[in-house]
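# Descriptive structure summary
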Amino acid sequence: MTALTDPPKESFRLSMLIYDTRYRSLTIQVVALFVFMLMAAWLINNTAQNLAELGKPIDFGFFTEPAGYDINQRLIDYDNQDSHLRASFVGLLNTLLVAFLGCLLATIVGVLVGVLRLSKNWLVARIMTVYVEMFRNVPVLLWIVFFMAILIENLPSPSDYRGDNPDASMYLWDSVALTNRGFYIPEPLFSRSLGDLPVFGAFNISIDLLALVAVLAAGIWGAGRIKHRADRIQEETGERPTTWYQSLAVVVLPVAAVLVFLGFHLGYPALKGFNFQGGVHMRNSLIALWLALSFYTAAFIAEIVRAGILAISKGQTEAASALGLRSNRIMSLVILPQALRVIIPPLISQYLNLTKNSSLAIAVGYMDITGTLGGITMNQTGRELECVLLLMLVYLTISLCISLVMNWYNTRVKLVER
Amino acid sequence: MKNSVILGALTAAGLIAGAAGAATLDDVKARGKLNCGINTGLVGFAAPDANGEWSGFDVAYCRALAAAVLGDPSAIEFVSLTGKTRFTALASGEIDVLSRNTTWTLTRDVDLKFTFLGVNYYDGQGFMIPKGLGVGSAKELDGATVCIQTGTTTELNLADFFRVNNISYEPVPIETNAEAQQQFLAGACDVYTTDASGLAATRATFENPADYVILPEIISKEPLGPLVRHGDDEWADIGRWTLNTLIAAEEYGVTSANVDEMAAKPTSNPEVNRMLGTEGNLGEMLGLDGQWALRALKAGGNYGEIFEKHIGENTPIGLARGLNAQWTEGGLMYAPPFR
């Protein structure tokens, strides 16, 4: 008979932290973490001490002082007596504007070019290859400066529109003026405006705009319901009812009604004094930056889209065409939905790149957050460390937000596994 | 025994204090080169000449300083800086001295922690516009598009001027003088504003300078001068007295042509003798040698010579001396005594 004996009870000894493989990796990690924290602490302490010795301790008090400088493109009210904080906020909105417009255009152009690069038409495919290689292989800063130079040198200046026999004329029934100071386009105006809604007392949002967005969203939701119903009827009876005019009416009619109710009309730009007055002024700094960033990033997106499409096995296309689908339906129903899963993750990083590259704005004098907070404010107050730290924090926040949204979208389109 | 320990400690303390205080001069000497911050390109003030050598009014000061400290006016590492990058470069120690038409203001002196070494050009902000626009006064500029170098005092003056006169404008921020020129000539802005001297210098490079006018309004005081970091008074003294040497030499009639002769033996003017080291030991007090002022003056001549050579009336820039004449001739240039 054998007696079960307990293994000898081990007591914990300090040397086991090194010699026992169960604890060793933990020990190493703790030590490494400790050393890292020590280095970080030393760095921070050193910086703070040096700044204190220079007589410039870290201080964010300058934010409430009047900025003293003007900003040409402002999405919210601002004048040079407002604080540095507000100036930074104006810059932040400008960054977000160009990032948003840039991502939008880059996606449209990128998807188009990516699909066309796979075209069976030899000429189209080659032209797209040339486009991709040209934009991808030249630094984006050069593209920005290049676009700006084209706009400045090629377009007429406002003074060319002057006189009885002007050198230049406006486009689209005298509603659009293209000048080397930017594009002047008609602006939407409301004769029975609902006024503005103050947000935190900091800035105003037009209630007209909110009303329009709300009605449009409701319309799109309504169209979604109609499509849902059509799907159900199709599944039950095999016949799909014609719904396009219903959807169109649900989206368009309420919006049109609201526009009429608000007294919508267009304000046209007109030459007055030194410049065109009235209308929306899209400055050429915005246009140059927007186009350069978009076309540059679109070249990368085109490659991502092409890779995504090529990643779908040819058997899928053949199977779909065996079922009798036409080639454009194969693309939209079979290939693209699957390709999106491959496309989205690298697309996120392209969006992030575009947003971060927008900090090159100062090359063309576009007043983004790098130009205001990281440029003039930093220069006038001499608070380099504070401004740069804050700037990094701002870009980090923007990037994380974009990642968050895109990751959410990615989980929605990814293959649902059962 | 005890005494020697105390003495030793004192010596060590003194050495450390000395090292901390005179660091810039020692650094420059050890490096054998002066790091001088200048404009990215403004004809007359700092621009590369046909041989690729930097020259100009601001550059001449760097050359005089390098000659005084290192004995060689070409022992300089020039660092081109924009209005935006100049202060960071100086504060971080990338350059030893900034000589880039920089306005002396309280904020820069006190809050940005810089020491201005004096004024080498009394300037003011002006406006340049094409003649064809038919504008005679800056107050008629309501609604104009104005090109402006970002990160400068002119940016703030401009905002103040238009606010006080209750007129509006559209600022177009640009980084360098060259970009401003491009936009201004293409008509992308109606007005270019910067220091009046800079306007004159820029206009001189235009194909048809006569087609552009500088408006009569000078909207600010812009005393321009070289500057160094806070915290090294010895280095600031050297820089300040090099500038004073250039100004005083003009007053006393010392030029690059006769300076050798005057330094050879004491002259009848004791001030000149002390400056050129034939009398007293002012050079040693600065931590240099007796010949420092001689070398500084031989580099490019006195203040008047430098002015005439780079920006004076016989150059394309054609600036009159005006406020920048010697005090004896009704100007503001006035060097403290060498004593």
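The rules behind these values
- Residues numbered from 1 in each chain as written.
- Chains lettered and ligands numbered in written order.
- Predicted model: local features only at pLDDT ≥ 70, side-chain atom pairs only at ≥ 80, totals over all residues.
- Heavy atoms only, no water.
- Helix = DSSP H or I, 4+ residues; strand = E, 2+ residues; numbered from the N terminus.
- Rg over C-alpha atoms; globule rule 2.2 N^0.38 Å.
- Buried < 20%, exposed > 50% of the residue type's maximum accessible area, 1.4 Å probe, protein only.
- Contact = heavy atoms within 4.5 Å.
- Areas by Shrake-Rupley, 256 points an atom, 1.4 Å probe, with all protein chains shown as cover.
- Right-handed = clockwise from strand over helix to strand, strands pointing away.
- Salt bridge = Lys/Arg side-chain N within 4 Å of Asp/Glu carboxyl O.
- UniProt positions renumbered as here; feature names shortened; annotations may be inferred.
- Polar contact = N/O pair within 3.5 Å; in protein donor to acceptor, adjacent residues only side chain to side chain.
- pLDDT = per-residue confidence, 0-100.
- Pairing = 2+ DSSP bridges.
- Axes fitted to C-alpha atoms, helices over the stretch in contact; angles between N-to-C directions.
- Buried area = accessible area lost by both parts, 1.4 Å probe.
- Phe/Tyr/Trp six-rings, centres within 6.5 Å; stacked < 30°, edge-to-face > 60°.
- Lys NZ or Arg CZ within 6 Å of the ring centre and 35° of its normal.

## Some details on the overall build of chain B
Secondary structure summary: chain B contains 14 helices and 13 strands in total. Radius of gyration (C-alpha) of chain B: 22 Å, near the 20 Å computed for a compact globule of 339 residues. On the principal axes, the C-alpha backbone points of chain B span a range of 80 × 45 × 40 Å. Classification of the 339 residues of chain B by burial places 56% in the buried group. Across chain B, the fraction of contacts at a sequence separation of at least 24, relative to all contacts at a separation of at least 6, is 71%. Accessible surface for chain B amounts to roughly 13,700 Å². Of this, 54% is attributable to carbon and sulfur atoms.

## Brief notes about the environment of Gly-71 of chain B
Residue and element names in this part refer to chain B. With respect to the helices, strands and loops of the structure, Gly-71 is situated in the loop between α3 (57–70) and β4 (76–81). Judged by its relative accessible area of 40%, Gly-71 falls in the partly exposed class. C-alpha of Gly-71 to C-alpha of Pro-209: the two residues are 138 residues apart in sequence and 40 Å apart in space. Dropping the residues within four chain positions of it, Gly-71 is found in contact with Ala-66 and Arg-295.

## A closer look at the pairing of strand β10 (residues 169–174) of chain B
Residue and element names in this part refer to chain B. Among the six residues that make up β10, six are buried, leaving the element largely enclosed by the rest of the structure. Residues Tyr-169, Pro-171 and Pro-173 line one face of β10 and the alternating positions Glu-170, Val-172 and Ile-174 line the opposite face, and both faces are buried. In this fold, the crossover linking strand β9 (residues 144–149) to β10 by way of helix α6 (residues 153–164) has right-handed handedness.

## Quick look at the pattern of salt bridges
The full count for this structure, using the stated rule, is 21 salt bridges over all chains. Where Arg-383 of chain A meets Asp-111 of chain B, a salt bridge forms, and the shortest distance between an N and an O atom there is 4.0 Å. Placement of the pair is Arg-383 of chain A in the loop between α11 (369–381) and α12 (384–413) and Asp-111 of chain B in helix α5 (residues 106–111), with the two residues belonging to separate chains. By relative accessible area, which is 12% here, Arg-383 of chain A ends up buried. A relative accessible area of 29% places Asp-111 of chain B in the partly exposed class.

## Some words on the UniProt feature "domain: Solute-binding protein family 3/N-terminal" (unreviewed entry) in chain B
Mapped onto the present numbering, the UniProt feature "domain: Solute-binding protein family 3/N-terminal" (unreviewed entry) falls at residues 33–262 of chain B. Span residues 33–262 of chain B is 35% helix and 27% strand, its end C-alpha atoms 28 Å apart.

## Quick word on the side chain of Gln-149 of chain B
Residues and elements named next belong to chain B. Here Gln-149 shows up in strand β9. Side chain to side chain, Gln-149 and Tyr-192 meet in a polar contact 3.0 Å long. Discounting residues that sit within four places of it in the chain, Gln-149 has contacts with Arg-100, Thr-154, Glu-155, Ile-174, Glu-175, Thr-176, Asn-177, Tyr-192 and Thr-194.

## Side note on the confidence of the model for chain B
Low pLDDT marks regions whose predicted coordinates should not be analysed in detail. Residue and element names in this part refer to chain B. Per-residue pLDDT for chain B averages 88, and the proportion of residues at 70 or more is 94%. The lowest-confidence element of chain B is helix α1 (residues 2–21), averaging 44 in pLDDT; the highest-confidence one is α3, averaging 95. Note that residues 1–22 has pLDDT below 50 and, in this model, three contacts with residues that lie over four places away or in other chains.

## Digging into the sheet that holds β9 of chain B
All names here are of chain B. Ordered by their spatial adjacency, five strands build an open sheet running β10-β9-β11-β8-β12, and the pairing between neighbours is mixed. Whereas interior strands pair on both sides, the edge strands pair on one side only; in this sheet they are β10 and β12 (212–214). Strand-to-strand twist in this sheet, taken as the mean axis angle between neighbours without regard to direction, amounts to 30°. In the sheet, β9 pairs with β10 via six bridges, with the strands oriented parallel. When the bridges of β10 are listed, Thr-145 appears paired with Glu-170. Each of β8 (125–130), β9, β10 and β11 (191–195) touches α6; the most contacted strand, β9, lies at about 155° to it.

## Considerations on unusual backbone geometry
With phi around 65°, Lys-113 of chain B is a residue other than glycine that occupies positive phi space. One can find Lys-113 of chain B in the loop between α5 and β6 (114–116).

## A look at the side chain of Thr-315 of chain B
Checked against the element boundaries, Thr-315 of chain B lands in the segment after α14 (303–310). Not counting residues up to four positions away in its chain, the partners in contact with Thr-315 of chain B are Glu-308, Lys-309 and His-310 of chain B.

## Re the UniProt feature "domain: ABC transmembrane type-1" (unreviewed entry) in chain A
In this structure's numbering, the residues bearing the UniProt feature "domain: ABC transmembrane type-1" (unreviewed entry) are residues 92–406 of chain A. Across residues 92–406 of chain A one finds 66% helix and 10% strand; the C-alpha atoms that close the span lie 21 Å apart.

## Details of the interface of chain B and chain A
Across the contact, 37 residues belong to chain B and 38 residues belong to chain A. Counting each side, the surface lost to burial between chain B and chain A is near 2,900 Å², with a carbon and sulfur contribution of 51%. The interface formed by chain B and chain A includes three salt bridges. Here Glu-170 of chain B and Arg-283 of chain A are joined by a salt bridge, their closest N and O atoms 2.4 Å apart. Linking chain B with chain A are 16 residue pairs in polar contact (both at pLDDT 80 or more), by the criterion used here. When residues of the side of chain B that touches chain A are traced back to their parent elements, those giving at least two are α4 (86–92), α5, β9, α6, β10 and α7 (177–185) of chain B. Among the elements that make up the side of chain B that touches chain A, the one with the highest residue count is β10 of chain B (five residues).

## Quick look at the packing of aromatic side chains
If you walk through the whole model with that rule in mind, you get 35 aromatic pairs over all chains. Considering the side-chain rings of Tyr-184 of chain A and Phe-276 of chain A, the 5.1 Å spacing of their centres and the 40° angle between planes classify their relative orientation as tilted. Of the two residues, Tyr-184 of chain A is situated in strand β2 (residues 182–185) and Phe-276 of chain A in strand β8 (residues 275–277); the sequence distance between them amounts to 92 residues. Measuring from centroid to centroid gives 5.5 Å for Phe-87 of chain B and Phe-114 of chain B, while their planes differ by 25°, and the two rings are stacked. Linking Phe-87 of chain B in helix α4 with Phe-114 of chain B in strand β6, this pair joins segments that are 27 residues apart in sequence. Owing to a relative accessible area of 3%, Phe-87 of chain B belongs among the buried residues under this scheme. What links up through ring pairs into an aromatic cluster is the set Tyr-131, Phe-135, Trp-143, Phe-146, Phe-147 and Phe-295 of chain A. Of note, Arg-321 of chain B hangs over the ring of Phe-307 of chain B, and the distance from its end group to the ring centre comes to 5.0 Å.

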